[in-house]
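One-letter residues, chain by chain:
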Protein chains: 2
Amino acid sequence: MELPLRAPDDDTVDMKITHCGICGSDIHTQDSGWGETDYPCVTGHEITGICTAVGKNVKHIKVGDRIGVGAQSGSCLECKECLNGEENLCQGRKTGTYNSRWPNGDKAFGGYADKWRGHQRFVFKVPDNMTNEVAATFFCAGVTTYSPLKRYGVTKGSKVGVIGLGGLGHYAIQWAKAMGAHVVTISRSDKKLQDATALGSHEYINASNPDELKAHTGTFTHIICTAYSKEFDWPTYFKLMDTNSYFIMVALPEAPLNGIPAMLLAARQISLVGSMIGSPSMIEDMLQFAAEHDVKPWISKYPMKQCNEAVQAFRDGKPRYRIVLENE
Amino acid sequence: MELPLRAPDDDTVDMKITHCGICGSDIHTQDSGWGETDYPCVTGHEITGICTAVGKNVKHIKVGDRIGVGAQSGSCLECKECLNGEENLCQGRKTGTYNSRWPNGDKAFGGYADKWRGHQRFVFKVPDNMTNEVAATFFCAGVTTYSPLKRYGVTKGSKVGVIGLGGLGHYAIQWAKAMGAHVVTISRSDKKLQDATALGSHEYINASNPDELKAHTGTFTHIICTAYSKEFDWPTYFKLMDTNSYFIMVALPEAPLNGIPAMLLAARQISLVGSMIGSPSMIEDMLQFAAEHDVKPWISKYPMKQCNEAVQAFRDGKPRYRIVLENE
């Protein structure tokens, strides 16, 4: 389908898309899982490509640069959050990379496409030592996990549990390890043990075995939850947590969170925290950290034209651990 | 009923009880609301009195001192939390002031009584400028609200919402104001407007009026929740919260927390935090802060012998805002 790009202005950057990762948010949005989607909608917000044009205010990007954009394409740039470098928390008018509108009413379209146009503030240069196909998924999966682990102080001496080994989880393991933490992958079966170890996880818990869980009672300084279902057993995980610890929720389930034990929240002084992608400065910081610590996604590629097959593969839980669409 | 005090040792302090506050926890425990209570049980953990004997290790308290004890009477004193001055989070053996056992198996009995005996670490001198009847409720209601407001950085420039004006809420308003915050009381009717103002609240929201709520959208740096029911509408309150804000849960409902919107938790990067009374050092800090800032509970007194009537009054929601039992 042919769809119009937003109107250009002095701050826009044009991109010929080379790659786009497939994120769980794409699927939620395709399904109107977070509220009715504004169709037609082009999903995809882990986008890399080549810059083909820039508005006259754009200084940090030039035509020909390899560039990327994540889940956010615009913000008001005037609220206290924007002025404070937390554009991802903008309380004014935010523009998502898809299923969203620019201030002029134009629709914002994502990366399952050949072209993209958006605001310079949310466009980043891909580091020289990173290919576009490797870089793409950092812009959502990467920063979504990097940002809270960094914000809540993961460091040497931390013990970080990663619930779920998927697109987010496989980044979380690598980040936490690179930050110096002892990393434990928590999964519902033994199937991913080998991959977890290869990604740098020091230990592995098969959560369907209560004894394996019990051995870690009261020890995690951080748990990052990347996989959530209605049956999520909060008390089981809260019991694993150390006092004054952080339970970081990066899964964004369509249904509300139920069954949280107030008593354990209090008795261990747990902080249950949400996190929203990452700010532009956090994205810059992450790209540099990734380059320094050799953090890399595990990806499988599909031609862009086969995006429907790729989405089906995502729905079937096949990615090990991220699918990246590629234009010819 | 006559019940035996625990065996004395070199660290025990004996108290002739003068006063004891009635806390919501007493009622939960009387009703086995947090699990089956170990009857017979003497509730009451906001206790003040006069020291009548001390073990030979006790240096900071002497016979004749006016003293107080809160919800905790013992801890292992060896785990990392205890060694770190966070005895309230002890992961070893904790002894509650009631419905609990000392390490030797003796039962711990609370303050609806004439005598108490416990470990020196959890006994505090009542400040000279505070009477025992005024001091009693600081030891649970006071520190339960003081501790998280202090820990999560309430200060000048903060905007603190206090949900529920009761025993905890009436302290929270005073603490937050004394810490320099702009304080807003959030209640389900207009009934407590006058009291809230008298306690120092700058604004008042009748939460049954959606327009009053709406005017505060996205503005609270902290909300402290002292009143919770199954119908608690999380999205309504989360919408009031600023980015990177703290929702402090000090109500301890018997049922798990349900209906928490993951999307708002993420989009505003809210921290939902639990808090467990306060450590001995936090209690000392609070008593000094209260003395300096003239924070005082509003109490109504009942003779200790009428504790049943007093409990009934509590159940009927009559306290304005804390009931204190008094021995003759």
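All residue numbers refer to positions counted from 1 along the written sequence of the respective chain. The naming scheme follows written order: chains are lettered A onward, ligands numbered 1 onward. Side-chain atom pairs in this predicted model are given and counted only at pLDDT of 80 or more, local residue features only at pLDDT of at least 70, and totals for whole chains, interfaces and linings cover all residues. The side-chain figures draw on all heavy atoms in the structure; neither hydrogens nor water molecules are used.

Looking at this structure, how should I read the overall build of chain A?
Counting from the N terminus, the helices are the DSSP runs of H or I reaching at least four residues and the strands are the DSSP runs of E reaching at least two. Scanning chain A from N- to C-terminus turns up 11 helices and 18 strands. For this measure, only C-alpha atoms enter the radius of gyration; the expected value for a globule follows 2.2 Å times N^0.38, where N is the number of residues. Whereas a compact globule of 328 residues would reach a radius of gyration of roughly 20 Å, chain A reaches 20 Å, a difference of no more than 12%. With respect to the principal axes defined by its C-alpha atoms, chain A has extents near 60 × 40 × 40 Å. Accessible area is worked out with a 1.4 Å probe on protein chains only. A residue is then buried under 20% of its type maximum, exposed over 50%, and partly exposed in between. The proportion of buried residues among the 328 residues of chain A is 58%. Partitioning the intrachain contacts of chain A with sequence separation of at least 6 by distance along the chain shows that 67% fall at a separation of at least 24. Methods summary: accessible areas were calculated by the Shrake-Rupley approach with a probe of 1.4 Å, and residue burial reflects only the protein chains presented. Accessible area for chain A stands at about 13,300 Å²; split by element, carbon and sulfur atoms hold 50% of it. Any two residues whose heavy atoms approach within 4.5 Å are treated as being in contact.

Is there a simple way to think about helix H10 (residues 280–293) of chain A in this case?
Because each turn of an α-helix spans 3.6 residues, side chains separated by three or four positions end up pointing in the same direction. The length a helix should cover is 1.5 Å for every residue beyond the first. Counted at 1.5 Å a residue, the expected span for H10(A) with its 14 residues is 20 Å, and the 20 Å between its end C-alpha atoms agrees. Positive backbone phi, approximately 55°, marks Asp294(A), located one or two places after H10(A).

Is there a simple way to explain the interface of chain B and chain A in this structure?
Often, the extent of an interface is quoted as the loss of accessible area on bringing the components together. Contacts between the two partners involve 35 residues from chain B and, on the opposite side, 35 residues from chain A. Buried area, as used here, totals the accessible surface that two parts lose on assembly, with accessibility defined by a 1.4 Å probe and the loss added over both. Both faces combined, the contact of chain B with chain A buries some 3,000 Å², and carbon together with sulfur accounts for 56% of it. A pairing counts as a salt bridge when a side-chain nitrogen of Lys or Arg comes within 4 Å of a carboxyl oxygen of Asp or Glu. At the junction of chain B and chain A, the tally comes to 2 salt bridges. Salt-bridge contacts for Lys80(A) lead to Asp242(B); the nearest nitrogen and oxygen are separated by 2.7 Å. Whenever two N or O atoms come within 3.5 Å, that pair is a polar contact, provided that in protein one can donate a hydrogen and the other can accept it, and provided that, for residues adjacent in sequence, both atoms are side-chain atoms. Inspection of the region where chain B meets chain A yields 21 residue pairs in polar contact (both at pLDDT 80 or more). Elements with a contribution of two residues or more to the side of chain B that touches chain A: helix H2 (80–83), strand E14 (241–249), strand E15 (257–260), helix H9 (262–267) and strand E16 (271–274) of chain B. A per-element tally of the side of chain B that touches chain A places H9(B) first, with 5 residues. Here the term charged refers only to Asp, Glu, Lys and Arg, the term nonpolar to Ala, Val, Leu, Ile, Met, Phe, Trp, Tyr, Cys and Pro, and the term polar to all other amino acids, Gly among them. When the residues that make up the side of chain B that touches chain A are grouped by side-chain class, the tally is 18 nonpolar, 11 polar and 6 charged. What makes two strands pair is DSSP finding at least two bridges between them. In the sheet, strand E15 (residues 257–260) of chain A pairs with E15(B) via 3 bridges, with the strands oriented antiparallel. For Ile260(A), the partnering residue across the bridge sits in E15(B) and is Leu257(B).

Can you walk me through the nonpolar core in this structure?
A general tendency of soluble globular proteins is for nonpolar side chains to be buried together. By nonpolar core we mean a set of buried residues, namely Ala, Val, Leu, Ile, Met, Phe, Trp, Tyr and Cys, connected to one another through side-chain atoms within 4.5 Å. One finds Trp175(A), Phe247(A), Trp175(B) and Phe247(B) to be the most contacted residues of the largest nonpolar core, which totals 148 residues. Setting aside residues up to four positions removed in sequence, Phe247(B) forms contacts with Ile163(B), Ile223(B), Cys225(B), Phe232(B), Trp234(B), Tyr237(B), Phe238(B), Met241(B), Ile270(B), Ser271(B), Leu272(B) and Val273(B). Counting residues in hydrophobic clusters, the runner-up holds 26 residues, among them Met15(A), Ile17(A), Ile27(A) and Val311(A).

Just checking my understanding: could you explain the domain arrangement of chain A for this structure?
Residue and element names in this part refer to chain A. An automatic or database domain assignment provides the domain bounds reported here. By the assigned domains, chain A splits into domain 1 (12–140 + 278–326) and domain 2 (142–274). For domain 1 and domain 2, the distance between their C-alpha centroids amounts to 26 Å. Listed as interface residues are 24 residues of domain 1 and, on the opposing side, 22 residues of domain 2. Around 2,000 Å² of area is buried between domain 1 and domain 2 when both sides are counted, 63% of it from carbon and sulfur atoms.

Even after reading the chapter, I still don't get the relation of the copies chain B and chain A, so can you show me in this structure?
Both copies of the chain are related by a screw-like operation: a rotation about an axis and a shift along it. A least-squares fit on C-alpha atoms brings the copies together, and the residues used are those whose pLDDT is at least 70 in both copies. The two copies are related by a screw operation: chain B maps onto chain A through 180° of rotation and 0.0 Å of translation along the axis, at an RMSD of 0.0 Å. Such a combination of rotation and displacement between the chain copies is what one expects of a two-fold axis. If distances are taken from each C-alpha of chain B to the rotation axis, the shortest is found for Asn258(B), at 2.0 Å. A shared interface surface links the copies, since 100% of the contact residues of chain B are contact residues in chain A too.

Can you help me understand unusual backbone geometry in this one?
All names here are of chain A. Along the chain, Arg320 connects to Tyr321 via a cis peptide bond; the corresponding omega equals 5°. With respect to the secondary-structure elements, Tyr321 resides in the loop between helix H11 (307–315) and strand E18 (322–326). Of note, the phi angle at Asn244 is positive, near 55°, even though the residue is not glycine. On the basis of relative accessibility, which here comes to 29%, the residue Asn244 falls in the partly exposed class.

How should I be thinking about the pattern of salt bridges in this particular structure?
Any two side chains of opposite charge can pair, so long as their charged atoms come close to each other. Counted by the stated rule, this structure contains 29 salt bridges over all chains. In this structure, Asp38(B) engages Lys107(B) in a salt bridge whose closest nitrogen and oxygen atoms are separated by 3.4 Å. With Asp38(B) in the loop between helix H1 (24–30) and strand E2 (47–54) and Lys107(B) in strand E7 (residues 107–108), this residue pair connects regions lying 69 residues apart in the sequence. Linking Glu87(B) and Arg121(B) is a salt bridge whose minimum nitrogen-to-oxygen distance equals 2.5 Å. Taken together, the residues Glu87(B) in the loop between H2 and strand E5 (95–96) and Arg121(B) in the loop between strand E8 (115–119) and strand E9 (123–125) connect sequence positions 34 residues apart. On the basis of relative accessibility, which here comes to 4%, the residue Glu87(B) falls in the buried class. Look at Arg121(B) and you get partly exposed, because its relative accessible area is 34%. A single salt-bridge network, built from bridges that share partners, covers Asp38(A), Arg101(A) and Lys107(A).

I'm lost on the side chain of Thr243(A) in this one. Help?
By the secondary structure assignment, Thr243(A) is in strand E14 (residues 241–249). Since its relative accessible area comes to 8%, Thr243(A) is described here as buried. Side-chain polar atoms of Thr243(A) contact the side chain of Asp242(A), separated by 3.4 Å. There is a polar contact of 2.5 Å between the side chain of Thr243(A) and the side chain of Glu81(B).

Quick question: what am I supposed to make of the environment of Asn327(B) here?
All names here are of chain B. Along the chain, Asn327 falls in the segment after strand E18 (322–326). Leave out the neighbours within four places in its chain, and Asn327 touches Ile17, Thr18, Ala113, Asp114 and Met304. A polar contact is formed between the side chain of Asn327 and the backbone oxygen of Ala113, at a distance of 3.0 Å.

Help me understand the sheet that holds strand E10 (residues 159–163) of chain A, please; the structure alone is not making it clear to me.
Two strands in a sheet stick together by hydrogen bonds in their backbones, pointing the same way (parallel) or opposite ways (antiparallel). Pairing is mixed in the open sheet, where 12 strands are placed in the order E12(A)-E11(A)-E10(A)-E13(A)-E14(A)-E16(A)-E16(B)-E14(B)-E13(B)-E10(B)-E11(B)-E12(B). The open sheet has two free edges, formed respectively by strand E12 (203–206) of chain A together with strand E12 (203–206) of chain B, since each of these has just one partner strand. Strand-to-strand twist in this sheet, taken as the mean axis angle between neighbours without regard to direction, amounts to 20°. Of the strands in this sheet, strand E10 (159–163), strand E13 (220–225), E14 and E16 of chain B touch helix H4 (residues 141–151) of chain B, which is tilted by about 160° from E13(B). Fitting a line to C-alpha atoms yields each axis, with helices limited to the stretch in contact; the angle taken between N-to-C directions then spans 0 to 180 degrees.

Quick question: what am I supposed to make of the packing of helix H4 (residues 141–151) of chain A against helix H5 (residues 167–178) of chain A here?
Residues and elements named next belong to chain A. Running from N to C, H4 and H5 cross one another at 45°; their axes reach a closest spacing of 8 Å. Relative to H5, the element H4 lies oblique. As H4 runs across H5, the sense of the crossing is right-handed. Contacts between H4 and H5 involve Ala141, Gly142, Thr144, Thr145, Tyr146 and Leu149 from the first element and Gly167, Leu168, Tyr171, Ala172, Trp175 and Ala176 from the second. An angle below 35 degrees is treated as roughly parallel, one above 145 as roughly antiparallel, one from 65 to 115 as roughly perpendicular, and anything else as oblique. Handedness of each helix crossing follows the sense of rotation of the near helix against the far helix: counterclockwise by less than a right angle gives left-handed, clockwise gives right-handed.

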